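Single-letter residue listing:
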Amino acid sequence: MAIWLASSRVRLYTREMTASSVSKSAPKVGIVSLGCPKALVDSERILTRLRAEGYEISPSYDGADVVLVNTCGFLDSAKQESLDAIGEAIKENGKVIVTGCLGVEPDVIRQTHPDVLAVTGPHQYEQVVSAVHAALPPKHDPFTDLVPPEGLRLTPRHYAYLKISEGCNNRCTFCIIPSIRGDLVSRPITSVLREAEKLAVAGVKELLVISQDTSAYGIDTKFKEEMWYDRTVRTRFLDLCTELANLDLWVRLHYVYPYPHVDEVIPLMAEGKILPYLDIPFQHASPTVLKAMRRPASQEKQLDRIRKWREDCPHLALRSTFITGFPGETEEDFQFMLDWLKEAQLDRVGCFKYEAVDGAKANELPGAVPEEVKQERWERFMETQKAISAERLQQKVGWTLGVLIDEVDEDGAIGRSYAEAPEIDGNVFLNGETTLKPGDLVDVTIEHADEYDLWGSVERVI
Ligand code: SF4
């Protein structure tokens, strides 16, 4: 073997890694580092990260479970040296991940060495680490790791929130979140997917995707591409949903705005890959009020969009929240919202009376609505929606639905179907089912409904 870590400086580094530091059980990564000091620092960062995750660094090809080749692509001779190093690593070990400057020419690498497991470019630490995870999953050591691999959570074991971004690029006039949390910053998609995988391995059955504006995911990164296993994924709403669908658990989308590209995920829902459920905070329906609110996607033809979604995915459950009494809301605006609501036939709806928030632009708007008018509109709104919800739930009597159990007490079990998110929607009550456990999935035939909840009997435990 000519080189293990190619530069002389790097060779010194390997000497610190004695065979005795390599434990029998930990996954072992070898690295061949070529090129300039910047590439060397990249190698050090990658190794540091992997070491922190419990990987051992192997000083030889045959002791490694996977080999990273950090390449140089500066000159033709450097490219050739990199290709030769990849070839040697494949010959000596077989499992090879390529990163570094030559990684910007994946075709050149794959033409010469079609067996490489993954190719990532320079400074793509997340992607390299993801590729290592994919080829060689990290081991969790319960004796030394204080935190379980899926992190500490405050939710029950069977469901978890998956936060995909922070901040928001919108400037709704009633909201001060952007001034508190700043503009949208999307998490790298591989980081989100890795967290989702860990949650799945930890036994989570339902992932609730959250952010301030889920459908805007990745806009700030210009839909940056990353390597995930053997494929390229974009930091984008559709790619995220497609990859989460592969985890074979319930995936529920919250805080989605009805932008046109949301249409792209409806087929995933129709095919049963993610839950046919969308939480869309419409907040109002009147174009005048939406404009005053400066709501995102307010110009989209929302009713047409809902109609089309339901054509493509007939059981789609829609939940939303609304505000009554926003400054300037007239009786016509309010009536427009009620008519819209009857037309939209949303499944679950929450409604708030407008409250001024310190620092919000809406405070400067004229036409404050008196409290008693807000209250009266709120009551009319709730009455209207109650009737709609009751009718929609009634239609489910006789259906068989998958239900995830949240709680069991002496009276029976309480769970939710695809159409109910925890905490905010209703429940499915299974009277007498005291032997089920939280996290069980059961098929339930619905026998009774009111305006909020369903009741049924268990057909089978899945
Ligand atoms: S979308 Fe509007 S309401 Fe939601 S966080 Fe952003 S600014 Fe606030």
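Look a little higher up for the structure.
Keep in mind that this is a model prediction, so the values were computed, not measured. (Residues numbered from 1 in each chain as written. Predicted model: local features only at pLDDT ≥ 70, side-chain atom pairs only at ≥ 80, totals over all residues. Heavy atoms only, no water.)

**Q** Tell me what's going on with the packing of aromatic side chains, and back it up with residues and numbers.
**A** One pass over the full model with this rule turns up 10 aromatic pairs. Residues Y159 and Y161 carry aromatic rings whose centres are separated by 6.2 Å and whose planes lie at 90° to one another, so their mutual orientation is edge-to-face. Y161 gets classed as partly exposed once you look at its relative accessible area, which sits at 34%. Site record: aromatic cluster; members linked through ring pairs are F282, F322, W340 and F381. Lying across the ring of Y159, R416 places its NZ or CZ 5.4 Å from the centre. (Phe/Tyr/Trp six-rings, centres within 6.5 Å; stacked < 30°, edge-to-face > 60°. Buried < 20%, exposed > 50% of the residue type's maximum accessible area, 1.4 Å probe, protein only. Lys NZ or Arg CZ within 6 Å of the ring centre and 35° of its normal.)

**Q** Go over the packing of helix α7 (residues 189-201) against helix α8 (residues 237-245) with me, naming the residues and quoting the values.
**A** At a minimum axis separation of 11 Å, α7 and α8 run at an interaxial angle of 25°. As summarised for this structure, α7 and α8 are arranged roughly parallel, according to the angle between their axes. With respect to the hand of their crossing, α7 and α8 are arranged in right-handed fashion. Between α7 and α8, the contacting residues are I189, V192, L193 and A196 on the first element and D239, L240, E243 and L244 on the second. For the contact of α7 with α8, the class distribution of residues is 6 nonpolar, no polar and 2 charged. (Axes fitted to C-alpha atoms, helices over the stretch in contact; angles between N-to-C directions. Helix = DSSP H or I, 4+ residues; strand = E, 2+ residues; numbered from the N terminus. Parallel < 35°, antiparallel > 145°, perpendicular 65-115°, else oblique. Left-handed = near helix turned anticlockwise from the far one by under 90°. Contact = heavy atoms within 4.5 Å. Nonpolar A, V, L, I, M, F, W, Y, C, P; charged D, E, K, R; others polar.)

**Q** Describe the pairing of strand β4 (residues 96-100), naming the residues involved and giving the relevant values.
**A** Across the 5 residues that make up β4, a large majority, 5, are buried. Residues V96, V98 and G100 of β4 are buried on one face, and the alternating residues I97 and T99, pointing to the opposite face, are buried as well. Pairing analysis gives 5 bridges linking strand β3 (residues 66-71) to β4, with the strands arranged parallel. Within the sheet, the bridge partner assigned to N70 lies in β4 and is T99. In this region the chain leaves β3, passes through helix α3 (residues 76-92) and returns to the parallel neighbour β4; the handedness of that crossover is right-handed. (Pairing = 2+ DSSP bridges. Right-handed = clockwise from strand over helix to strand, strands pointing away.)

**Q** Quick one: what's the story with the packing of helix α5 (residues 125-135) against α7, residue by residue and with numbers?
**A** To describe two helices that pack against each other, one gives the angle between their axes and the distance between the axes. Running from amino to carboxyl end, α5 crosses α7 at an angle of 30°, the nearest separation of the two axes being 9 Å. As far as their axial angle goes, α7 and α5 are roughly parallel. Classified by chirality, the crossing of α7 by α5 is left-handed. For the pair formed by α5 and α7, the contact residues are E126, S130 and H133 on the first element and T190, S191 and R194 on the second. Here the residues of the contact of α5 with α7 are counted per class, giving no nonpolar, 4 polar and 2 charged.

**Q** Can you lay out the sheet that holds β4 for me, pointing to particular residues and giving the numbers?
**A** Where strands meet in a sheet, backbone hydrogen bonds hold them as pairs that are either parallel or antiparallel. Pairing is parallel across the open sheet formed by 5 strands, whose spatial order is β2-β1-β3-β4-β5. For this open sheet the edge positions go to β2 (56-57) and β5 (118-119), each flanked by a neighbour on one side alone. Seen against the sheet, α3 touches β1 (28-33), β3 and β4 and runs at an angle of roughly 175° to β3. Lying on the sheet, α5 is in contact with β1, β3, β4 and β5; it crosses β4 at an angle near 175°.

**Q** So, unusual backbone geometry: which residues are in play, and what are the values?
**A** At Q283, a residue that is not glycine, the phi angle is positive and equals roughly 70°. Unusually for a residue other than glycine, Q345 sits at a positive phi of about 50°. Its location among the elements puts Q345 in the loop between α12 (331-344) and β15 (348-353).

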